[in-house]
Amino acid sequence: SHRASTPQGTPMPSAPFEDYYEVLGLQRGASKAEVSRAYRKLSLEVHPDRYKGPDPDGAVARFLKLTQAKEVLEDDKARAAFDAVVDAKAAHRARQEAQEGGRRKMREELEAREAAAKAAKFAPSAAAAAAKEERERESAEAAARAELQREIERLRRTGRLDPTRPAAAAPAA
């Protein structure tokens with residue numbers, strides 16, 4: 001690829017990309033006749049010899065852009081090269097958008113995992129909750145058994161649970 005250069009042979013800095021179809025107000029694929037008509041109509045408004053508005057320098061710059069757009073779009077080889085640049089830029093933009101979509105999805109998944117980890121850290125898991133419930137149930141059962149054992153011992157001390165006495169002779173409580 002050749003870059004434009006100054007008469008001294010040093011490369012000129014790249015100008016910002018200008019969409020020549022947009023400059024002329026045309027759709028991509030416009031015919032040479034459409035390019036000529038659009039150029040003629042727009043250039044008359046800003047032609048340096050005819051322009052009477054408040055910004056003659058801006059009009060000259062606009063006229064030069066229109067002229068460059070017409071020259072590129074009317075020349076088959078230059079137009080093919082320009083269309084290749086437009087296609088490459090569109091493909092690059094599509095790749096960037098796809099990558100951004102992938103990045104957004106990865107970020108959302110990461111945030112969801114972080115939220116789940118944070119919730120798991122501060123909230124007991126289902127297994128931990130079930131184990132705690134089981135311990136509490138076992139503790140309550142052990143307490144009930146201990147209470148039953150104390151009551152049996154109390155009944156023995158009072159003689160109400162004397163295995164040698166008949167049930168009918170037991171004193172009324």
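Keep in mind it's a predicted model, so treat the numbers as computed, not measured. Residue positions are counted from 1 within each chain, in the order its sequence is given. pLDDT decides what is reported in this predicted model: residues at 70 or higher carry local features, side-chain atom pairs at 80 or more are listed and counted, and totals for whole chains, interfaces and linings draw on all residues regardless. Side-chain numbers come from the whole structure's heavy atoms, not from hydrogens or water.

Peer 1: Residues and numbers for the side chain of D83, please.
Peer 2: Where helices and strands are cited, they refer to DSSP runs of H or I of at least four residues and of E of at least two residues respectively, numbered from the N terminus. Its location among the elements puts D83 in helix α4 (residues 76–122). Classification of residues uses two cut-offs on accessible area relative to the type maximum, computed with a 1.4 Å probe and protein chains only: under 20% is buried, over 50% is exposed, and between them is partly exposed. Using a relative accessible area of 16% as the deciding quantity, one classes D83 as buried. Residues count as neighbours in contact if any of their non-hydrogen atoms are within 4.5 Å of one another. Setting aside its immediate chain neighbours within four residues, D83 contacts Y21 and R28.

Peer 1: Give a detailed account of helix α2 (residues 32–46), specifying residues and quantitative values.
Peer 2: By this rule, a helix spans an expected 1.5 Å times one less than how many residues it contains. The terminal C-alpha atoms of α2, which comprises 15 residues, lie 21 Å apart, in line with the 21 Å expected from a rise of 1.5 Å per residue. Inspection of α2 places V35, A38, Y39, L42, S43 and V46 among the buried residues, and these make up the whole buried set. Taken end-on, α2 shows its buried residues confined to a sector of 120°, consistent with a single buried face. Exposed and facing more than 90 degrees away from the buried side of α2 are R40 and K41. It is the directions from the helix axis to the C-beta atoms that the arc portrays.

Peer 1: Help me get a handle on the nonpolar core, residues and values and all.
Peer 2: The set of buried Ala, Val, Leu, Ile, Met, Phe, Trp, Tyr and Cys residues whose side-chain atoms join them within 4.5 Å is what this entry labels a nonpolar core. Counting residues in each nonpolar core, the largest one holds 19 residues, and the members touching the most others are Y20, L24, L26, L66, L73 and F82. When residues of this core are traced back to their parent elements, those giving at least two are α1 (20–23), α2, α3 (56–74) and α4. If one sorts the elements of this core by residue count, α3 sits on top with six residues. When sequence neighbours within four positions are dropped, the list of residues in contact with L24 reads V35, A38, Y39, L42, L66, A69, K70 and L73.

Peer 1: Give a description of the side chain of K70 that names residues and reports values.
Peer 2: Note on placement: K70 falls in helix α3. For K70, a relative accessible area of 15% puts it in the buried group. For K70, the contacting residues outside a window of four places in its chain are L24, V35 and Y39.

Everything listed here is a matter of coordinates, which is why it stays silent on function.
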